[in-house]
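Reading the structure
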Amino acid sequence: MGKLSAAITAVGGYVPEFVLTNKMLEEMVETNDEWITTRTGIQERRILKPEEGEGSSYLAIKAVQDLFRKKQVDPKEIDLVILATATPDTLVASTAAYVASKIGATNAFAYDLLAACSSFLYGMSSAAAYIASGTYKKVLLIGADKMSSIIDYTDRTTCIIFGDGAGAVLFEANEEGLGLQDEYLRSDGIGRTYLSMDAGGSILPASEETVKNRQHYIYQDGKTVFKFAVSNMADAAARIMDQNQLTHEDVSWLVPHQANKRIIDATANRMGLDHSKVMMNIQRYGNTTSATLPLLLSDYEAQLKKGDNLVFAAFGGGFTWGAIYLKWAYN
Ligand code: UT7
């Protein structure tokens with residue numbers, strides 16, 4: 001048997017039906033379409049309405065069902081389900097375990113992976129390591145976030161950015177040298193205070209006070225996060241190119257976390273990439289946190305060709321960030 005690498009062999013995606021436009025946000029907070037579009041590139045985002053009474057698992061299951069529609073997979077053959085999320089259904093009980101049961105992956109073990117906007121990128125590393133080592137044959141990696149559940153829709157600095165969605169990919173072994181080639185992953189706890197949800201964790205459990213102080217919503221020091229995001233995401237992408245002697249001509253696609261179009265542009269410029277090679281859907285979905293990367297794959301799947309060189313890059317709370325170089329495995 002040749003050396004095993006971990007290839008993505010199927011993708012699926014899902015976004016809820018309800019569209020929250022910039023115009024609608026103008027009615028909710030002091031903002032305007034022009035500001036949001038020029039500062040972020042976002043025009044609309046999808047929201048799973050609270051009345052539905054569903055959590056991130058609902059989005060995750062829908063994304064997996066989409067994947068199953070496109071590729072025949074026996075769920076019983078899945079060895080492991082990793083759910084990348086910043087918004088698990090509940091704390092303590094694993095959301096991944098629930099999703100695995102619901103999709104029929106009854107022989108799998110499952111766990112949640114929490115690394116803010118880099119969750120899916122880190123999950124790719126984990127999934128690929130299990131496959132490349134020969135430990136498991138089929139690993140399902142899902143990125144799902146119901147960001148609307150932790151957004152304060154009276155705070156214009158955050159409510160314009162985030163949206164809900166999910167994406168899923170299947171990792172399987174490849175002996176042709178396709179799949180994950182290299183990774184550069186980092187974290188730095190200095191970021192802890194700049195992008196966080198202060199209450200509801202073990203430091204500050206829920207209380208009347210925390211609810212009154214609106215501490216169960218995301219807080220972001222946008223300017224600081226932006227500064228770190230631009231330099232670290234671009235650095236990581238440039239570094240993965242250097243490590244693998246990739247020129248801008250060798251890179252077929254940049255698959256960047258969708259936090260802000262200006263961060264994406266800065267990363268692409270640093271890599272010397274033409275815009276036509278940059279995957280982007282931030283205008284339609286906003287920042288879906290763990291779901292941005294697989295939703296890009298889902299949207300661009302028809303354009304991907306076997307052997308294409310993809311560079312994934314992300315930056316998120318914590319701070320967490322990095323880049324992954326992967327060769328696409330199917331047409
Ligand atoms: O995915 C995880 C990682 N997250 C990120 O990468 C996000 C990084 N940060 C960003 O994308 C940007 O910092 C934001 C989009 C959040 C904000 O854009 P900015 O260009 O950094 O704006 P700013 O925070 O510097 O604010 C500029 C001005 C301020 O007014 P003054 O102080 O100059 O009078 C804000 O109060 O824009 C004001 N402002 C708004 N105006 C209209 C802030 N939010 C809004 C808004 N509508 N929604």
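Summary of the structure given here. Throughout this document, residue positions are counted from 1 along each chain, in the order its sequence is written. For this predicted model, a pLDDT threshold of at least 70 governs which residues receive local features, and a threshold of 80 or more governs which side-chain atom pairs are given and counted, while totals over whole chains, interfaces and linings are taken from all residues. Hydrogens and water are ignored here; the side-chain numbers use all heavy atoms of the structure.

Another point: the nonpolar core. Throughout, nonpolar core names a set of buried Ala, Val, Leu, Ile, Met, Phe, Trp, Tyr and Cys residues whose side chains join them through atoms within 4.5 Å. Using a 1.4 Å probe on the protein chains alone, a residue whose accessible area is under 20% of its type maximum counts as buried, one over 50% counts as exposed, and one in between counts as partly exposed. One finds F171, L297, L310, F312, L326 and W328 to be the most contacted residues of the largest nonpolar core, which totals 75 residues. The criterion used for residue contact is that any of the two residues' heavy atoms lie within 4.5 Å. Sequence-distant contacts of L310, that is, excluding residues within four places in its chain, are made with W253, V255, L297, L304, I324, Y325, L326 and W328. Judged by nonpolar contacts, the second largest core, of 23 residues, contains I61, I103, I142 and A144.

Being near a molecule or strand, for a residue, comes down to having at least one heavy atom within 4 Å of it. Neighbouring the ligand are 23 residues; T31, R39, K223, N260 and N287 lie closest to it. Throughout this description, a polar contact denotes any pair of N or O atoms lying within 3.5 Å of each other; where both atoms belong to protein, one of them has to be capable of donating a hydrogen while the other can accept it, and for residues adjacent in sequence the pair is counted only when both atoms sit in side chains. With respect to the ligand, the backbone of G222 contributes an N or O atom lying 3.1 Å from an oxygen atom. The Shrake-Rupley method, run with a 1.4 Å probe, gives the accessible areas here. Residue values count only the displayed protein chains as cover. The protein chains hide 75% of the 950 Å² of surface that the ligand would expose on its own.

With that settled, the discussion passes to the environment of D188. Under the DSSP-based scheme used, a helix requires at least four consecutive residues in state H or I and a strand at least two consecutive residues in state E, with every element numbered from the N terminus. Tracing the backbone shows D188 in the loop between β8 (179-187) and β9 (195-197). According to the relative accessible area criterion, D188 is partly exposed, its value standing at 34%.

This paragraph deals with the sheet that holds β8. One open sheet accounts for 4 strands, arranged β8-β13-β12-β11; its pairing is mixed. With partners counted over all chains shown, the strands left at the sheet margins are β8 and β11 (253-256), one partner each. Direction aside, neighbouring strands of the sheet carry axes that sit 15° apart on average. Criterion used throughout: strands pair if DSSP finds at least two bridges between them. Here β8 runs beside strand β13 (residues 320-327); their pairing, made up of 8 bridges, is antiparallel. The residue bridging D182 from the neighbouring strand is Y325, located in β13. Interaxial angles span 0 to 180 degrees and are taken between N-to-C directions of axes, which are lines fitted to C-alpha atoms, for helices over the stretch in contact. Strands β8, β11, β12 (309-316) and β13 of the sheet are contacted by helix α8 (residues 222-243), whose axis makes an angle of about 155° with β12. Set on the sheet, helix α9 (residues 261-271) makes contact with β11 and β12; between it and β11 the angle comes to about 145°.

Time to look at helix α3 (residues 56-70). In this analysis, the expected span of each helix is defined as 1.5 Å times one less than the number of residues it contains. Between its first and last C-alpha, α3 extends 22 Å over 15 residues, near the 21 Å set by a 1.5 Å rise per residue. Those residues of α3 hidden inside the fold are in contact with β1 (5-14), β4 (80-84), α4 (95-102), β6 (138-146), β7 (164-174) and α11 (292-300).

What follows concerns the side chain of K138. Tracing the sequence through the fold places K138 in strand β6. In terms of polar contacts, K138 uses its side chain to reach the side chain of E172, at 2.6 Å. The residues touching K138, leaving out its near neighbours within four places in the chain, are E77, I78, D79, L80, I131, L170, F171 and E172.

This part is about the pattern of salt bridges. The salt bridge criterion pairs a side-chain nitrogen of Lys or Arg with a carboxyl oxygen of Asp or Glu, the two atoms within 4 Å. Tallied over the entire structure, the rule returns 13 salt bridges. Note that D152 and R214 form a salt bridge whose closest N and O atoms lie 2.9 Å from each other. Of the two residues, D152 is situated in the loop between β6 and α6 (156-159) and R214 in the loop between α7 (208-212) and β10 (218-220); the sequence distance between them amounts to 62 residues. Under the relative-accessibility criterion, D152 is labelled buried at 8%. Beyond isolated ion pairs, a larger network of salt bridges with shared partners links D66, R69, K70 and E301.

Counting buried positions along β7 gives 10 out of 11 residues, so the element sits mostly inside the fold. Where β1 and β7 come together, 9 bridges link them in antiparallel fashion. Pairing of A7 across the sheet is with E172, part of β7. Bridge analysis of β6 against β7 gives 9 bridges, and the strand direction is antiparallel. Directly across from K138, in β7, lies its bridge partner E172.

Here we take up a negative patch on the surface. Patches were defined on residues exceeding 30% relative accessible area and lacking a salt bridge, with like-charge contacts within 9 Å and nonpolar side-chain contacts (Val, Leu, Ile, Met, Phe, Trp, Tyr) within 5 Å. Neither His nor the chain termini are counted; the positive set is Lys and Arg, and the negative set is Asp and Glu. Where a charge lies is defined by one atom per residue type, namely NZ (Lys), CZ (Arg), CG (Asp) and CD (Glu). Negative charge collects at one region of the surface, where E17, E51, E52, E54 and D89 lie side by side. Relative to the assigned elements, E17 resides in the loop between β1 and β2 (18-21).

Where β4 meets strand β5 (residues 109-113), 5 bridges bridge the pair, whose relative direction is parallel. Within β5, the position partnered with I82 by the bridge is Y111. Note on handedness: a crossover is taken as right-handed if, strands pointing away from the viewer, the path from the first strand over the helix to the second is clockwise. Following the backbone out of β4, through α4 and into the adjacent parallel β5, one traces a crossover that is right-handed.

On to the state of the cysteines. A pair of cysteine sulfur atoms is labelled a disulfide when the two atoms are within 2.5 Å. Applying the stated criterion across every chain yields a total of 0 disulfides. The thiol of C159 is not disulfide-bonded; the next cysteine sulfur, from C117, is found 16 Å away.

Right, let's talk about α9 for a bit. Since the α-helix turns once every 3.6 residues, residues separated by three or four places project in the same direction. By the burial criterion, the buried members of α9 are I263, I264, D265, T267, A268 and M271. One side-chain oxygen of the residue at the start of α9 lies 2.8 Å from the amide nitrogen of R262, identifying that residue as N260. Downstream of α9 by one or two residues, G272 has phi in the positive range, about 70°.

Attention now goes to the packing of aromatic side chains. When two rings of Phe, Tyr or Trp (its six-membered ring) have centres within 6.5 Å they constitute a pair, described as stacked for plane angles under 30 degrees, edge-to-face for angles over 60, and tilted for the intermediate range. The final tally for this structure, using the stated rule, is 12 aromatic pairs. When the ring of F109 is compared with that of Y136, the centres are 5.5 Å apart and the planes differ by 55°; the resulting orientation is tilted. Residue F109 is located in strand β5, and its partner Y136 is located in the loop between α5 (119-132) and β6; the two are separated by 27 residues in the primary sequence. Judged by relative accessible area, Y136 falls into the partly exposed class, the value being 25%. Centroid distance Y130 to Y136: 5.4 Å. Interplanar angle 55°. Geometry classified as tilted. With relative accessibility at 24%, the residue Y130 sits in the partly exposed group. Three or more aromatic residues joined by ring pairs make a cluster, and in this case those are Y194, F228, F315, F319 and W321. Across from the ring centre of F18, 4.1 Å away, lies the NZ or CZ of K49, which sits over that ring. In our convention, an over-ring charge means Lys NZ or Arg CZ found within 6 Å of a ring centre and within 35 degrees of that ring's normal.

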